[in-house]
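Spelled out from the first residue to the last, the chains are:
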Amino acid sequence: SGDTNYTYAEVDFPSNSKVYSDYRVSFSATRNYESNRLQFAELEIPGMLLAPPPTPPPTLSPSVSPTEHPTAPPTQRPTPHPTAAIAEGATAVNTILYPGTVHSVAGCSRVVRKDEILNPSTKKFFCDHLDMPTTDGIFVDSFVVSPSHGKLTVAKELRIYTHNNCANCDCVEYLLEGRVDADSPWEEIAGGLFPWAGQAICRNERGLPIDSTFESGDNNRCYGSVPYPSHATPYLDYKYTCLRTRSNHRYHQIGRMELAGYIL
């Protein structure tokens, strides 16, 4: 909003999504066509600042007089996952998958407490693979989430809180995908083995409340996380697929799932 303490007029461009570096505003007429003056106090163009473009390639014509004190060589160990810039004004939240969000589950013959996978407690989501087809002998299940806020979001960290029993019911290999609308194809965000795939992880009692932030999960609860610092692509819907449980167990259980990130 403009400053409501002053008089101003505005024109909205809700459907514009093109990106520009420079702008030009032309005034084709004033209220009095015979006037040769144009006056206004201030011009504002609200919008979103995007990350700067990559630097250009090095010149093919180097300087004939290079500096006597060149810069130090680049680091031999650059970070494999540089932090991606996020548009100014984005809201950081502990999970972009709001409780009460519409979601569907596939690959389960029986689902118990479907909604608890997103609610802020460890009441536990339960999936039974009995009589379901397998992929190369492996049980696979997935669910699709369409956040109820209806806004584009950027995922920055996946958190899985453990359930109360059955360590072999934990998912140890996953795939996370996103899409911009229901008519668009799914695009891979991340996937692979979870860090806890080959080790024991502590258990949460059922029904414990979870108090987390954007920066961190609830450190009073048992959970594992996978960060995505270089991911910056916004999506509307998300699809989480459990590609394999530990020991290919018939059951898949989750205490709670969070996808920390930004709402644009």
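See the structure above.
Note that the structure is a prediction, hence the values are computed from the model and not measured.

Undergrad: Residue-level account of the overall build of the protein, with values.
TA: Counting its secondary structure elements, the protein contains zero helices and twelve strands. The order of α-helices and β-strands along the protein, N terminus first, is β-β-β-β-β-β-β-β-β-β-β-β. Within the protein, contacts between residues separated by at least 24 positions form 78% of all contacts whose residues are at least 6 apart in sequence. Total accessible area on the protein is roughly 17,500 Å²; 52% of this is exposed by carbon and sulfur atoms.

Undergrad: Go over the layout of surface pockets, please, and point to the residues and values.
TA: When its volume is computed, the largest pocket comes out at roughly 2,100 Å³. As for the largest pocket, its lining consists of 41 residues, of which Val11, Phe13, Glu44, Ile45 and Pro46 are closest to the centre. Its residues assigned to classes, the lining of the largest pocket shows 23 nonpolar, ten polar and eight charged.

Undergrad: Quick one: what's the story with the nonpolar core, residue by residue and with numbers?
TA: Counting 30 residues, the largest nonpolar core has Leu158, Tyr174, Phe194, Tyr240, Met257 and Leu259 as the members making the most contacts within it. Residue assignment for this core shows that the elements contributing at least two residues are strand S4 (125-128), strand S5 (141-146), strand S6 (153-161), strand S7 (171-179), strand S8 (187-193), strand S10 (237-245) and strand S12 (256-263). If we ignore the near neighbours within four places in the chain, the residues touching Leu158 are Tyr174, Phe194, Gly224, Ser225, Val226, Tyr228, Tyr240, Met257, Glu258 and Leu259.

Undergrad: Lay out the sheet that holds S12 in plain terms, naming residues and giving numbers.
TA: An order of S1-S12-S6-S9 is seen for the four strands of this open sheet, with the pairing classed as antiparallel. Two strands lie at the open edges of the sheet, namely strand S1 (91-93) and strand S9 (223-227), each paired on one side alone. Along the sheet, successive strands turn relative to each other by an average axial angle of 20°, direction set aside. As paired elements, S1 and S12 share three bridges and run antiparallel to each other. Of the residues in S12, the one forming a bridge with Ala92 is Tyr262.

Undergrad: An account of the sheet that holds S4 is requested, with residue identities and associated values reported.
TA: Hydrogen bonds along the backbone pair up the strands of a sheet, which may run parallel or antiparallel. Strands sit in the order S3-S4-S11 across an open sheet of three strands; the sheet is antiparallel. With partners counted over all chains shown, the strands left at the sheet margins are strand S3 (110-112) and strand S11 (251-254), one partner each. Here the strands of the sheet are splayed against their neighbours by 10° on average, with no regard to which way each runs.

Undergrad: So, the packing of aromatic side chains: which residues are in play, and what are the values?
TA: Geometry of an aromatic ring pair is reported as the spacing of the ring centres plus the angle between the planes. In total, this model carries ten aromatic pairs according to the counting rule given. Their ring planes at 35° and their centres at 5.1 Å tell us that Tyr161 and Tyr223 sit as a pair that is tilted. Of the two residues, Tyr161 is situated in strand S6 and Tyr223 in strand S9; the sequence distance between them amounts to 62 residues. Taking relative accessible area as the criterion, Tyr223 reaches 21% and is therefore assigned partly exposed. Judged by centre distance (4.4 Å) and plane angle (10°), the ring pair of Tyr174 and Phe194 falls under stacked. Note that Tyr174 is positioned in strand S7 and Phe194 in the loop between S8 and S9, a separation of 20 residues in sequence.

Conventions and cut-offs
- Residues numbered from 1 in each chain as written.
- Predicted model: local features only at pLDDT ≥ 70, side-chain atom pairs only at ≥ 80, totals over all residues.
- Heavy atoms only, no water.
- Helix = DSSP H or I, 4+ residues; strand = E, 2+ residues; numbered from the N terminus.
- Contact = heavy atoms within 4.5 Å.
- Areas by Shrake-Rupley, 256 points an atom, 1.4 Å probe, with all protein chains shown as cover.
- 1 Å grid on protein atoms, 1.4 Å probe; cavity = no way out; pocket = protein on both sides within 12 Å on 5 of 7 lines; lining within 4 Å.
- Points joined across faces, edges and corners; volume = space filled by probe spheres on them.
- Nonpolar A, V, L, I, M, F, W, Y, C, P; charged D, E, K, R; others polar.
- Core = buried A, V, L, I, M, F, W, Y, C linked by side-chain atoms within 4.5 Å.
- Buried < 20%, exposed > 50% of the residue type's maximum accessible area, 1.4 Å probe, protein only.
- Pairing = 2+ DSSP bridges.
- Axes fitted to C-alpha atoms, helices over the stretch in contact; angles between N-to-C directions.
- Phe/Tyr/Trp six-rings, centres within 6.5 Å; stacked < 30°, edge-to-face > 60°.

So yeah, pure geometry; function would need other evidence.
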